[in-house]
Amino acid sequence: MINWILSFFKSKKQNLVDKYDRLLNESHKLSTINRTASDEKAAQANDVLKQLDELLQEEDKDKYIDDPIERAKKQGNQS
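In this text, all values refer to a predicted model and were calculated from it rather than measured experimentally. (Residues numbered from 1 in each chain as written. Predicted model: local features only at pLDDT ≥ 70, side-chain atom pairs only at ≥ 80, totals over all residues. Heavy atoms only, no water.)

K.L.:
Can you help me understand the pattern of salt bridges in this one?
P.N.:
For side chains of opposite charge, pairing can occur when their charged atoms come near one another. Throughout the structure, instances matching the rule amount to 3 salt bridges. For Lys41, the salt bridge goes to Glu26, with nearest N and O atoms at 3.0 Å. Here Lys41 is found in helix 3 (residues 35-61), whereas its partner Glu26 is found in helix 2 (residues 12-30), with 15 residues between them in sequence. When its relative accessible area of 26% is taken as the criterion, Glu26 is described as partly exposed. By sharing partners, the salt bridges in this structure join Arg22, Glu26 and Lys41 into a single network. (Salt bridge = Lys/Arg side-chain N within 4 Å of Asp/Glu carboxyl O. Helix = DSSP H or I, 4+ residues; strand = E, 2+ residues; numbered from the N terminus. Buried < 20%, exposed > 50% of the residue type's maximum accessible area, 1.4 Å probe, protein only.)

See the structure below:
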């Protein structure tokens, strides 16, 4: 219950990083016991990594505006 409450206050990015780390760790532990289960965990970790990459690209999208007019508008609104 406490972990759920703490995870509520974490950012989505941090939650994905934690989930990725946990899945990779589980995959590594399973690699000596059950190779199929290990591969499944690694695939799940890869899916989480894709979600994290999409999130990071979405965050960075606004930082790299190619249109100079749009960039000026964005910078004007931030001032």
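K.L.:
Explanation requested: the environment of Ser11 in the structure shown.
P.N.:
Relative to the helices and strands, Ser11 is located in the loop between helix 1 (2-9) and helix 2. The class of Ser11 is partly exposed, set by a relative accessible area of 40%. One polar contact links the side chain of Ser11 to the main-chain amide nitrogen of Gln14, over a distance of 3.1 Å. (Polar contact = N/O pair within 3.5 Å; in protein donor to acceptor, adjacent residues only side chain to side chain.)

K.L.:
Where do I start with the nonpolar core in this structure?
P.N.:
What tends to happen in soluble globular proteins is that the nonpolar side chains get buried as a cluster. With 6 residues, the main nonpolar core is built from Leu16, Leu23, Ala45, Val48, Leu52 and Leu55. Mapped onto this core, the elements with two or more residues apiece are helix 2 and helix 3. Examining the composition of this core, we find that 4 residues originate from one element, helix 3, more than from any other. Other than its neighbours up to four places away in sequence, Val48 contacts Leu16, Lys19, Tyr20 and Leu23. (Core = buried A, V, L, I, M, F, W, Y, C linked by side-chain atoms within 4.5 Å. Contact = heavy atoms within 4.5 Å.)

K.L.:
Even after reading the chapter, I still don't get the environment of Leu23, so can you show me in this structure?
P.N.:
Along the chain, the position of Leu23 falls in helix 2. Taking the C-alpha atoms as reference points, Leu23 and Lys41, 18 residues apart in sequence, are found 5.7 Å from one another. If we ignore the near neighbours within four places in the chain, the residues touching Leu23 are Lys41, Gln44, Ala45 and Val48.

K.L.:
So what exactly am I meant to see when it comes to helix 2 here?
P.N.:
For the α-helix, the turn length of 3.6 residues means that residues three or four positions removed from each other point alike. Counted at 1.5 Å a residue, the expected span for helix 2 with its 19 residues is 27 Å, and the 27 Å between its end C-alpha atoms agrees. Considered for burial, the residues of helix 2 that qualify are Leu16, Leu23 and Ser27. With its buried residues spanning 40 degrees around the axis, helix 2 presents them on a single face. Exposed and oriented more than 90 degrees from the buried face of helix 2 are His28 and Lys29. (Expected span 1.5 Å × (residues − 1). Arc of directions from axis to C-beta.)

The quantities given are spatial measurements derived from coordinates; they are silent on function.
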